[in-house]
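# A closer look at the structure
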Amino acid sequence: METLVQTPAAVRKLYIESYGCAMNFSDSEIIASIMGENGFEPTQDEFDADVIFLNTCAIRDNAEQRIRERLKHLRANKKQNRDLIIGVLGCMAERLKDKLLEEEKLVDVVAGPDSYRELPKLVAEVDEGARAINVLLSREETYGDLNPVRLNSNGVSAFISIMRGCDNMCSFCVVPFTRGRERSRDPESILREAKELAIAGYKEITLLGQNVDSYLWFGGGPKKEFKNLSEEEKSQAVDFADLLEMTALAVPEMRIRYSTSHPRDIDEKVVKTMARFKNICNYIHLPAQSGNSRVLDMMSRNYTREWYMEKVKMIRDILPDCGISCDIIAGFCTETEDEHQDTLSLMEWSQFDFSYMYKYSERPGTPAAKKLADDVPEDVKGRRLQEIIALQNEISKTRNQRYIGQVVEVLVEAESKRSADEWMGRNDQNIVTVFPKENYQKGDLVKVLVESASTTTLRGRAVGRVEWL
Ligand code: SAH
Ligand code: SF4
Ligand code: F3S
């Protein structure tokens, strides 16, 4: 009888750098898993790496400029190690495709968000002397069966992707082009991942999707509306509120967060589910983008200012102490001064805890780039953005000050950046909170009495552990 002796392939080192949104950071963990099964182990030292992957973002022009700068620096690594393989993955890879290989001579591999299973093959092609590319988008890939390898993790909180792609086509946005059609992941695989994280000692998960409110599982395949499902599909359909409930029940000892909600789609069912479960955090990221209905229409956001305000009111009625954050774009095509004022007044009315605020950046190929003039001058965009930021800072400060004298629940994530004697974590509403360590440990859920508050941070002292954990 012949015995097969398998010699283990030499371990090669993989260094991954992630840019952009949480979905990209989550994808890097999938990439590490796929590469890990093929003889690559992660390293934190880029100079020790045999393969360097940049998992890139294309959302604004400056995101891409950062990657180009980074690639320039990587020339030095390649000089030191001629066998070093450099790959550009993610949204910029998908947007630029083979142009990247033409423009950036040192890039060996280009792979889009749906082709990560092919990475080992692409690297093998480079080993053979070729340059390799795969940017095919899929209508089905969710990587649901993989076990992500947690990278740069604090061991306390982790992301779980529940869907991929986006079908919304907001006119300014490149994501539908870089991440393809929306598809939802099998709830069983999501719950399995959540339970595995609980067993590994994690205390918090964030369910991720570009528009979580349109999550719908009915047995797999491309997205469909609920009304178009067959009777059999309807009987097994799981929507986002159902998924939240299933997750809250599956891991009752973990805190659950999610992002991102869409103002058009978020409904009472989701918010009421949040209210029913103690372990679902009272926090919603609800990007408005603009406070003016004409601009929202040009953005193809499919809601008006009034609709957005109704949604905020609905949330505050059901969950009075819910944290709400926002994304805002300053100086979108044709935005007038009055329309900009509408954004400021919406912010004032909504009292967002914090916001991510950007100047509009035209992205080639998007509906806005094709049909609308990017006609707000750069200095006007800049000034409007500054006004938006100044107002948000004021609101954040007032909002945070309301916690002074109150006890908040903080999950300890890491040492505070400023002091080795203090812990840093977030309260239920996702506000960073810092307090003296005393005998508390990373991963503890701690009651903190808030003593002071700045625009970004609450400070206080621990007054005990939270019971339900
Ligand atoms: N799916 C999420 C957002 C994903 S992109 C949602 O729909 O809300 C994150 C944020 O980047 C967006 O909310 C938007 O505020 C901003 N953004 C997207 N495209 C942009 C562009 N072309 N210029 C400036 N900001 C942009
Ligand atoms: Fe982009 Fe709109 Fe999709 Fe968000 S919902 S990812 S802004 S297209
Ligand atoms: Fe950027 Fe892609 Fe996320 S463009 S914001 S990394 S989906």
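Here the structure is a predicted model, which means the values were calculated and not measured.

## A word on the site of ligand 1
Taken together, the neighbourhood of ligand 1 is formed by 15 residues, with Gln210, Pro287, Gln289, Asp327 and Ser361 sitting nearest. Between ligand 1 and the protein, one listed contact pairs an oxygen atom with a side-chain N or O atom of Gln289 at 2.7 Å. Those elements that provide at least two residues to the shell around ligand 1 are β15 (323-330) and β16 (354-359). Residues belonging to the shell around ligand 1 are distributed by class as follows: six nonpolar, four polar and five charged.

## Quick notes on the pairing of strand β3 (residues 51-56)
Most of β3 sits out of view: six of its six residues are buried. With burial as the criterion, each face of β3 is covered, one bearing Val51, Phe53 and Asn55 and the other bearing Ile52, Leu54 and Thr56. In the sheet, strand β1 (residues 12-18) pairs with β3 via five bridges, with the strands oriented parallel. Within β3, the position partnered with Ser18 by the bridge is Asn55. Of the pairings in the sheet, the one linking β3 to strand β4 (residues 85-90) comprises six bridges and is parallel in character. Along β4, the bridge assignment pairs Leu54 with Val88. Handedness of the β-α-β unit built from β3, helix α2 (residues 61-80) and β4 comes out right-handed.

## Re the domain arrangement of the chain
Assigned domains within the chain: domain 1 (12-134), domain 2 (157-401) and domain 3 (407-465). Computed over C-alpha atoms, the centres of domain 1 and domain 3 are 36 Å apart.

## Focus on the environment of Pro187
Residue position: Pro187 is located in helix α7 (residues 187-199). The class for Pro187 is buried, based on a relative accessible area of 4%. Along the chain, Pro187 and Asn302 lie 115 residues apart, while their C-alpha atoms are 28 Å from each other. Not counting chain neighbours up to four residues away, the residues in contact with Pro187 comprise Tyr215, Trp217, Val238, Leu243 and Met246.

The rules behind these values
- Residues numbered from 1 in each chain as written.
- Chains lettered and ligands numbered in written order.
- Predicted model: local features only at pLDDT ≥ 70, side-chain atom pairs only at ≥ 80, totals over all residues.
- Heavy atoms only, no water.
- Near = heavy atom within 4 Å.
- Polar contact = N/O pair within 3.5 Å; in protein donor to acceptor, adjacent residues only side chain to side chain.
- Helix = DSSP H or I, 4+ residues; strand = E, 2+ residues; numbered from the N terminus.
- Nonpolar A, V, L, I, M, F, W, Y, C, P; charged D, E, K, R; others polar.
- Buried < 20%, exposed > 50% of the residue type's maximum accessible area, 1.4 Å probe, protein only.
- Pairing = 2+ DSSP bridges.
- Right-handed = clockwise from strand over helix to strand, strands pointing away.
- Domains from an automatic or database assignment.
- Contact = heavy atoms within 4.5 Å.

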